[in-house]
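Coordinate analysis (summary)
Below are the chains, spelled out letter by letter.
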Amino acid sequence: MLATAVVALLVFALLAPVALVFAGRRSAAACLASIEAPRGPALPDCRPEIRWFALPSRLPWTYRTASTLAEELGVRTAVAGYIDAAVGRPARAALAGATGAVATAEAAVAAGSRRITFDELGPEGGAPSLAREAARLGDRRTLLEQPDRWPDWHARVHTLRAALTEGDLQRALAIATGYAGMDPRDEDLRTTVAAILCLATGAEAKRGVDLLTLTQDDRASKRHAGMVRNWGEVRAVLVACAARAGVEPPPMPEDPEAGLADAVEARLAQRARLAAAREDAAEAKQHAVRAIRDLLVSAAALDPDARGDLLAVVLAEGGTLDATEAAALARPEPDETEEADVAVGGAGAAPARGATGAAPALRAGSLRALDWLPERGLARPAIAGSLRARAAARAAELAADPQLSPSDGDALRAAAGALALQAARELALEGDAPRALDALDRLGALAPELAPEAARALARSSVWTLAGDRDRALDPIERVDLAAAPPALRAAVLLQRAELLASLGRRLEAARAAVLADEAAAAARAARPGDAPSGLAGLALLDARARWTRLALALPGGGSPLRQGSPPALLPADLSAAWPWVGFARPDVPWARDGQPAFSRALAAWSAARDAPPPTRRALRYAALRRRGDAPPALVPYAALSAQLLGDGEGDAEVWLDAFLALDAPRFSLRHTAFARAEAARWRGDEGSAAAWQRRYEALRAVASDPARAEIARYLGL
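Predicted, not measured: the structure shown is a model, and the values here were computed from it. All residue numbers refer to position in the chain's written sequence, counted from 1. Selection of residues for local features in this predicted model requires a pLDDT of at least 70, selection of side-chain atom pairs for listing and counting requires 80 or more, and totals for whole chains, interfaces and linings are taken over all residues. Side-chain calculation: all heavy atoms of the structure are included, whereas hydrogens and water are not.

This paragraph deals with the overall build of the protein. Under the DSSP-based scheme used, a helix requires at least four consecutive residues in state H or I and a strand at least two consecutive residues in state E, with every element numbered from the N terminus. If you tally the helices and strands in the protein, you get 31 helices and two strands. Each residue is placed in one exposure class: buried if its accessible area under a 1.4 Å probe, protein chains only, is under 20% of its type's maximum, exposed if it is over 50%, and partly exposed if it falls in between. Counting over 718 residues, the protein shows a buried share of 55%. The contact rule is simple, with two residues in contact once any of their heavy atoms fall within 4.5 Å. Relative to all contacts within the protein whose residues are 6 or more apart in sequence, the contacts with residues 24 or more apart total 71%. The Shrake-Rupley method, run with a 1.4 Å probe, gives the accessible areas here. Residue values count only the displayed protein chains as cover. By element, 55% of the accessible surface of the protein is carried by carbon and sulfur atoms, the whole surface being about 30000 Å².

Right, here's the structure in full:
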């Protein structure tokens, strides 16, 4: 009997710690899971769950398992506290206070197991990293507080981008100078550091030239696992940087064996601009313009928008160009999507009568202010608004040549109208409202048939919107008669009216206007049922933006938030599956095709989420954080709608939006992001946040509007 008792006691002594580990694993996992489940505002404290592992971690047969679980519990609770400060109950002070626990957990893992993944107590995650979590949550303050603390190149890129997002160019330059002194080896970090140095002059720009030359030569000569990277954009930044440093750029690589010298259009336009800026370079300018003319003649597959940009350079700088040659350059082959794009653009660049070959490049596209915001990168040449205005005037002058045929004259007048409208857009983005309006006034004189009253009113409204005067922006579209406007143009005007009313705090009027705009967009698309979406410039885009805006501005008494025929606004039992993936970032826009239900389901989910009780909304914010990267091409209403997942007193909307939009932000230019965040703040009546984002937008605009830094700014995503 005694022996049996002794054996039982030994078995218990051996198995009890194992049972404790098993029970502790389940209890700790359940506690951690409750953090992202519907709950109250207080963060569940899972730290006491470590008691389960205290004894087993002291015994040799359970030491490893118990210690591993205890370490993971500490890591997950630290990270959970940080995320809760951005998502569960967003607060800037709490966010700053939670960083210490994450840094402690990071140090503990580095001194302990040195594991790179944690998957015992929840979904698999990486080792704790304060820099990575700060970037993931859009915590710019933490990234910028100690920029030299981050050893990883991607964290340093995020830090530099955080400084640029803040509009603090001096801080970005100081950080980049420090990183340059560390001789960065990663290409993305090296080029980002170099481009920021190139925003300055003198020694900083010279250092930028050296770093960019290394990248250019490496990409031209080295393959990595069979993969190559093109170096044309780097070359464009390098040339601009050399001009700012006052040195000659290094020669282009001869006979490159790896990447290609792409971004040809951007580099040709840059070459002409730099030559025109030098009084002693008349011959160089002629060669540059001749190269552009040769490309326009020979490259039938040239991107339509880039073709229009290059035509502007030839018209403005090619003094020897005669009317017949200009007309030939202005008349590439017709495009089958031409009619659809003109309808969306509101006839702003419709082909003139007789100009059957009017170029897609010369169509102005959308006239709405939010569609005028710049894109990232150097896919298109950087052309100043003043140059476009000169090109429009030159095209109009040549169109009056009596020796031209009627069709050639119409083609040049169409080109003049489109160039004038593009000039207005660029000048508005540069903050020069008077000259932008002057370009629009010239548009009517250049080609009256290209500028109906509604299109002219919408374009003027867009100029004032980007200039920051929303009362003057609203006036022309309040007074315009839309009875004769094409359906898509009518929808675009109504949509901009709703946006401006929301910015001015007239929320009930904005809600009703958004319903009218959405109905007009639905009617415009229904009138063209067989059309396929043409990139992001067709009726599908207008329709999508109208639906997002209607939902974001919906108010009781303002109309239904969802279009008639939409799925019911219901949430699934499993809230982690509440957000269907639509695929807005994909270039072939599958969401715009008929018969694709994901978009409608996403809108219905957002409608239901906004109206859910606070505990459910909190869980939905956590679920949304895991489904980021699917922001639609309607950033203002999307940001405004996302903020509505926070009720009054539930937290700081700006902290939540920083976290929620962090993954999507690189898809948009920094100016686009700053403008959208300012507008979204105005829509919810947060004037302080709106003013802060407006200051950032203006700081970024000042850099991007400088022709000497245009290519650099575009490369950096400004």
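There is more to say, and it comes next.
A pocket here means an open set of points on a 1 Å grid, computed over the protein atoms alone, that has protein on both sides within 12 Å along at least five of seven lines. A cavity is instead a set of points where a 1.4 Å probe fits but cannot get out; residues with an atom within 4 Å of a point line either one. Grid points are joined across faces, edges and corners, and a volume is the space filled by probe spheres set on the points. Within this model, the second largest pocket holds a volume of roughly 730 Å³. Along the wall of the second largest pocket there are 28 residues; nearest its centre are E36, R76, I83, P123 and R626. When contributions to the lining of the second largest pocket are tallied by element, the ones reaching two or more residues are α1 (2-35), α2 (63-88), β2 (125-126), α4 (130-136) and α26 (614-625). Tallying contributions element by element places α2 first for the lining of the second largest pocket, with five residues.

Moving on: the confidence of the model for the protein. Confidence scores per residue from the predictor, reported as pLDDT, run from 0 to 100. On average, residues of the protein score 86 in pLDDT, and 90% of them are at 70 or above. Below pLDDT 50 for its whole length, residues 334-365 participates in 77 contacts with residues either more than four positions away or in separate chains. Across residues 531-536, where pLDDT falls below 50, the model places 10 contacts with residues more than four positions away in sequence or in other chains.

Right, let's talk about the nonpolar core for a bit. By size, the foremost hydrophobic cluster in this structure holds 228 residues, and its most contacted members are V193, L315, L466, W548, W579, W591 and W606. Among the elements that line this core, the one with the most residues is α2, at 13 residues. Discounting residues that sit within four places of it in the chain, W548 has contacts with F584, F599, L603, W606, P632, A634, P637, Y638 and L641. Grouping buried Ala, Val, Leu, Ile, Met, Phe, Trp, Tyr and Cys residues that are joined through side-chain atoms within 4.5 Å yields what is termed a nonpolar core.

The next thing to look at is the state of the cysteines. Cysteine sulfur atoms that come within 2.5 Å of each other are treated as a disulfide pair. According to the stated counting rule, one finds two disulfides in the structure shown. Covalently, C31 is tied to C46 through a disulfide, its sulfur atoms 2.0 Å apart. Note on the C31 and C46 pair: the S-S dihedral is about -95°, so by sign convention the disulfide is left-handed. Here C31, found in helix α1, pairs with C46, found in the loop between α1 and α2; they are 15 residues apart in sequence, far enough to count as distant. Since its relative accessible area comes to 12%, C31 is described here as buried. For C46, a relative accessible area of 2% corresponds to the buried category. Residue pairing for C198: its cysteine sulfur links by disulfide to C241, the two sulfurs lying 2.0 Å apart. In this structure, the disulfide formed by C198 and C241 twists by about -85° around the S-S bond and is classed as left-handed. With a gap of 43 residues between them, C198 in helix α8 (residues 187-198) and C241 in helix α10 (residues 232-245) connect regions that are remote in the sequence. Classification of C241 as buried rests on a relative accessible area of 0%.

To continue, consider empty space enclosed by the protein. With the rule as written, the count across this model stands at six cavities of 30 Å³ or more. Approximately 160 Å³ is the volume attributed to the largest cavity. Residue lining of the largest cavity: 14 residues in total, with W579, P580, W606, D630 and Y638 positioned closest to the centre. Tallied by class, the residues present in the lining of the largest cavity amount to 11 nonpolar, no polar and three charged. Residues are sorted three ways: Asp, Glu, Lys and Arg are charged, Ala, Val, Leu, Ile, Met, Phe, Trp, Tyr, Cys and Pro are nonpolar, and all the rest, Gly among them, are polar.

Glancing now at the packing of aromatic side chains. A pair of aromatic rings is counted whenever rings of Phe, Tyr or Trp (Trp by its six-membered ring) have centres within 6.5 Å, and the orientation is called stacked for planes under 30 degrees apart, edge-to-face for over 60 and tilted otherwise. In the structure shown here, the tally under the stated rule is 12 aromatic pairs. Seen in terms of ring centroids, W548 and F599 are 6.1 Å apart; in terms of plane orientation they differ by 35°. Their pairing is tilted. Taken together, the residues W548 in helix α24 (residues 539-553) and F599 in helix α25 (residues 598-610) connect sequence positions 51 residues apart. In this structure W548 comes out as buried when scored by relative accessible area, which is 2%. Arranged with centres 5.1 Å apart and planes meeting at 20°, the rings of W656 and F660 form a pair that is stacked.

Glancing now at the pattern of salt bridges. We count a salt bridge whenever a side-chain nitrogen from Lys or Arg sits within 4 Å of a carboxyl oxygen from Asp or Glu. Counted under the stated rule, the structure contains 53 salt bridges. For R617, the salt bridge identified is with E650, shortest N-O distance 2.5 Å. A residue pair is termed long-range when its members are at least 10 positions apart, and R617 in helix α26 and E650 in the loop between α27 (635-643) and α28 (653-660) qualify at 33 residues. Take R617: its relative accessible area is 9%, and that puts it in the buried class. In this structure, R709 and D706 form a salt bridge, with 3.0 Å as the shortest nitrogen-oxygen distance. The partly exposed category is assigned to D706, whose relative accessible area is 22%. Linked by salt bridges that have partners in common, R140, E166, E654, D658, R677, R684, D686 and R696 make up one network.

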